[in-house]
Amino acid sequence: MSSRILVIGGTGNIGQHLVTASLDAGHPTALLVRRATVASDSGKAKLLKALVARGATLVYGDVNDHGSLVAAIKEHGEVVICAVGHGRPEELDGQLNIIQAIKEAAGYVKRFVPSEFGCDVEHAERTLEPAKGMIASKLRVRRAIRDAGIPHTIICSYWAIGLLLSRLVDFEEDGPLTAGANILGDDKSRAIFVDEKDTSMLTIRAVEDPRTLNKVMYVRPPTNMRSFGQLVELLEKKTGKTLERHFVSEHELAKKIQESPFPLNFQLAMVHSTVVHPGACEEAVDAAVKVEATLLYPDVEFITVEEYLDGLLT
Ligand SMILES: NC(=O)c1ccc[n+]([C@@H]2O[C@H](COP(=O)([O-])OP(=O)(O)OC[C@H]3O[C@@H](n4cnc5c(N)ncnc54)[C@H](OP(=O)(O)O)[C@@H]3O)[C@@H](O)[C@H]2O)c1
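Residues numbered from 1 in each chain as written. Predicted model: local features only at pLDDT ≥ 70, side-chain atom pairs only at ≥ 80, totals over all residues. Heavy atoms only, no water.

Participant: Quick question: what am I supposed to make of the sheet that holds strand β6 (residues 153–156) here?
Facilitator: Whether parallel or antiparallel, the strands of a sheet pair through hydrogen bonds between backbone atoms. The three strands lie next to each other as β6-β10-β13, forming an open sheet whose pairing is parallel. In this open sheet, the two strands that pair with only one neighbour each are β6 and β13 (290–292). With strand direction ignored, the average angle separating the axes of adjacent strands in the sheet is 25°. With four bridges connecting them, β6 and strand β10 (residues 215–218) associate as parallel partners. Bridging from a neighbouring strand, Ile155 pairs with Met217 of β10. Most of the contacts of helix α9 (residues 196–206) go to β6, to which it runs at about 160°, and overall it touches β6 and β10. (Pairing = 2+ DSSP bridges. Helix = DSSP H or I, 4+ residues; strand = E, 2+ residues; numbered from the N terminus. Axes fitted to C-alpha atoms, helices over the stretch in contact; angles between N-to-C directions. Contact = heavy atoms within 4.5 Å.)

Participant: How do you make sense of unusual backbone geometry when you look at a structure like this?
Facilitator: Trans peptide bonds make up the majority, and among non-glycine residues the majority have a negative phi. A cis amide bond links Glu129 to the next residue, Pro130, at an omega of 5°. With respect to the element layout, Pro130 can be found in the loop between β5 (111–113) and α7 (131–148). In this model, Phe262 is joined to Pro263 through a cis peptide bond whose omega is 10°. Position of Pro263 among the secondary structure elements: in the loop between α11 (250–259) and α12 (264–276). Located in the positive-phi region is Tyr158, a residue other than glycine, with phi close to 55°. Within the secondary structure, Tyr158 sits in the loop between β6 and β7 (159–160). The residue Asp187 is not glycine, and still its phi comes out positive at about 65°.

Participant: Just to check I follow, could you spell out the sheet that holds strand β1 (residues 5–8) for this structure?
Facilitator: The parallel open sheet is built from five strands, whose spatial order is β3-β2-β1-β4-β5. Strands at the two margins of the open sheet, each flanked by one partner only, are β3 (57–60) and β5. Averaged over all pairs of adjacent strands, the angle between strand axes in this sheet comes to 20°, irrespective of strand direction. Pairing of strand β2 (residues 29–33) with β3 involves four bridges; the strand directions are parallel. Bridging from a neighbouring strand, Leu31 pairs with Leu58 of β3. Relative to β2, helix α1 (residues 15–24) is tilted by about 160°, and along the sheet it contacts β1, β2 and β4 (79–82).

Participant: Hey, could you run me through the pattern of salt bridges in this one?
Facilitator: Pairing is possible between side chains that carry opposite charge, provided their charged atoms lie close to one another. Following the criterion strictly, the structure yields 17 salt bridges and no others. One salt bridge connects Arg142 with Glu122, and the closest N-O pair in it is separated by 2.5 Å. Of this pair, Arg142 sits in helix α7 while Glu122 is found in the loop between β5 and α7, placing the two residues 20 residues apart along the sequence. For Glu122, a relative accessible area of 29% gives the class partly exposed. With its nearest N and O atoms 3.0 Å apart, the salt bridge here joins Glu306 to Arg226. Separated by 80 residues along the polypeptide, Glu306 in helix α14 (residues 305–313) and Arg226 in strand β11 (residues 225–226) bring together distant segments of the chain. On the basis of relative accessibility, which here comes to 16%, the residue Arg226 falls in the buried class. Each of Glu116, Asp120, Glu122, Arg142 and Arg146 takes part in a single network of salt bridges with overlapping partners. (Salt bridge = Lys/Arg side-chain N within 4 Å of Asp/Glu carboxyl O. Buried < 20%, exposed > 50% of the residue type's maximum accessible area, 1.4 Å probe, protein only.)

Participant: Can you walk me through the site of the ligand in this structure?
Facilitator: The ligand sits among 26 residues. The nearest are Thr11, Thr37, His86, Ser115 and Tyr158. Between Thr11 and the ligand, the recorded distance is 2.5 Å, taken from a side-chain N or O atom to an oxygen atom. One of the side-chain N or O atoms of Lys138 is found 2.8 Å from an oxygen atom in the ligand. About the coverage of the ligand: the protein hides 87% of its 920 Å² of free accessible area. Tallied by class, residues from the shell around the ligand come to nine nonpolar, eleven polar and six charged. (Near = heavy atom within 4 Å. Polar contact = N/O pair within 3.5 Å; in protein donor to acceptor, adjacent residues only side chain to side chain. Areas by Shrake-Rupley, 256 points an atom, 1.4 Å probe, with all protein chains shown as cover. Nonpolar A, V, L, I, M, F, W, Y, C, P; charged D, E, K, R; others polar.)

Participant: Explain the packing of aromatic side chains here, please?
Facilitator: Aromatic ring pairs are reported here in terms of the distance separating the ring centres and the angle at which the planes meet. Applying the stated criterion across every chain yields a total of two aromatic pairs. Aromatic pair Tyr158 and Tyr218: ring centres 6.3 Å apart, planes at 50°, arrangement tilted. Of this pair, Tyr158 sits in the loop between β6 and β7 while Tyr218 sits in strand β10, and the two are 60 residues apart along the sequence. Here Tyr158 and Tyr218 have matching classes, each one buried. Above the plane of the ring of Tyr60 lies Arg35, whose end atom (NZ or CZ) is 4.1 Å from the centre. (Phe/Tyr/Trp six-rings, centres within 6.5 Å; stacked < 30°, edge-to-face > 60°. Lys NZ or Arg CZ within 6 Å of the ring centre and 35° of its normal.)

Shown next, in the form of structure tokens:
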């Protein structure tokens, strides 16, 4: 029998893919949603209607409402997957309430997946503000999970393809590049891109897999590791157009981060942390605590950077 999966944050960028992947895999799937969201956001109300039509169950509650959390976990959460956002530090810190609720519902939860889905925050020491606050919050949550002895899996899936590639390597462009491209840093390092659908499908496989219990699972498809320069070359090949390259030094990037408004400053700080200083992406796998998804699930054919770009350019 498939585990009952409760997704918290199922209306978000990543969360909606997790809900879909859970339904696709045949799990009884519930979403904890805030009543106010359904009433005030027509886009999210439509999304929820579509997910319910596919078989998902809606449970009203809030991460900051202990009673609703405990009740939802006891009824629907053999597996609890959280995908609250990083827009405000208190949103990620709210997961400490989920940990309290899981402790209270002792014995009900056989796996918890906290809201991570990015770089390995235990190797992101050089991250600049405002992303540093997000990293610190995710670290606090990791520590609290381990201290509480909650069975868990942490998913590191680096750059969500839909977020970065849809803006074609330049956060300041709001669509495909036409004239020029910013190459950040010395362009020696590569970023890792993973499609949100692949991240979600692998997360759902991992929550039933004893090999990922209490582990950090890296999702690093070798076909999807590209530097910014390589991405620009690929784009030129596909469009037949030559793009002017603007090289932005690390110093200039740090200044730009300080001067830019949110969320651009946050996104640039993450590029700085994971591409310009890629310690957070190049961690070796250490079987005691870390596993590599591409080795655990060799059958998975990842959506490639090329395929994504083809879809974007047609
Ligand atoms: N690797 C990458 O490139 C990448 C990109 C994006 C995000 N991420 C990571 O993925 C995770 C999810 O981010 P996201 O961008 O998908 O988030 P998001 O779009 O901002 O969605 C956040 C979700 O959390 C829900 N939520 C927030 N506060 C809540 C509360 N108090 N009670 C119940 N639900 C609450 C929201 O519900 P409402 O609908 O009610 O607001 C929404 O469903 C984060 O850890 C983030 O750092 C990684």
